[in-house]
Amino acid sequence: MGRSIGLRKIVITGPESTGKTTLSESLALKLDADWIPEYARNYVENIGRSYTHEDIEKIAQYQIQAETKMSETTNKRLVIMDTWLIITKVWFEVVYGRSPKWLDEYIFASHVDLFLVCAPDLPWIADPVRENGGEMRNILFERYCEEIKAHGFQYEVVKGVGDQRMHNALDCLKAHHIA
């Protein structure tokens, strides 16, 4: 869990179909930050079968490797991650009723400067990979916030449609002296 001196880590998280990828990529461009895209979606789209517990472990391990590599190689002061291990932990628990102990230990030992949790205030857009629409989006939103708090991380909720969401995210980063 190495950390480049002065490197700030921001995680964009939230339920499905809440604009995480758009927001994280836009923030990275605007702030001249490194960006770690979501890996789970690409993985699940390309395995050609239903995912398994082992697949989610592979996704978690890849996320850790991508973050570690970025921390060791970046020359920028800021990295923005599209989702992170909190979502993976909750995914394990919702689908399988448990998550690996090593994952929770890793999360507790990690450093993230700020989580921006995207509120489920955008319209749901169904696709073959998404599986948690309707009320489940609100339930997951609350679970993510609870997990973030339980692990002692700071977070802000980001709301708004279109450019307003981006402006609200930037305001949160400014309030935390990150942008």
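Worth saying up front: this structure is predicted, and the values here are computed from it rather than measured.

**Q** Honestly, the pattern of salt bridges in this entry has me stumped. Any pointers?
**A** Note on pairing: side chains with opposite charge can pair once their charged atoms come close. Evaluated as defined, the whole model comprises 13 salt bridges. Among the ionic pairs, Glu 93 bridges to Arg 143, the shortest N-O distance being 2.7 Å. Here the residue Glu 93 occupies a position in helix α4 (residues 85-96), and Arg 143 occupies one in helix α6 (residues 135-150), the gap between them amounting to 50 residues. When its relative accessible area of 22% is taken as the criterion, Glu 93 is described as partly exposed. By relative accessible area, Arg 143 is classed as partly exposed at 25%. The partner of Lys 101 in a salt bridge is Glu 105, with the nearest N and O atoms 3.7 Å apart. Here the residue Lys 101 and the residue Glu 105 both occupy positions in helix α5 (residues 101-109), the gap between them amounting to four residues, near one helical turn. The class of Glu 105 is partly exposed, set by a relative accessible area of 45%.

**Q** Whenever I open this one, the nonpolar core confuses me. Can you help?
**A** Trp 84, Leu 85, Ile 86, Trp 91, Ile 107, Phe 115 and Phe 153 are the most contacted members of the largest nonpolar core, which has 35 residues in total. Contributing elements (two or more residues each) for this core: α2 (40-46), α3 (53-73), β3 (78-82), α4, α5, β4 (114-118) and α6. Not counting residues up to four positions away in its chain, the partners in contact with Trp 84 are Val 11, Gln 63, Glu 67, Ile 107, Ser 110, Val 112, Phe 115 and Phe 153. Grouped together as the second largest cluster of nonpolar side chains are 18 residues, Ile 10, Leu 116, Met 166 and Ala 169 included.

Cut-offs used in this document
Residues numbered from 1 in each chain as written. Predicted model: local features only at pLDDT ≥ 70, side-chain atom pairs only at ≥ 80, totals over all residues. Heavy atoms only, no water. Salt bridge = Lys/Arg side-chain N within 4 Å of Asp/Glu carboxyl O. Helix = DSSP H or I, 4+ residues; strand = E, 2+ residues; numbered from the N terminus. Buried < 20%, exposed > 50% of the residue type's maximum accessible area, 1.4 Å probe, protein only. Core = buried A, V, L, I, M, F, W, Y, C linked by side-chain atoms within 4.5 Å. Contact = heavy atoms within 4.5 Å.

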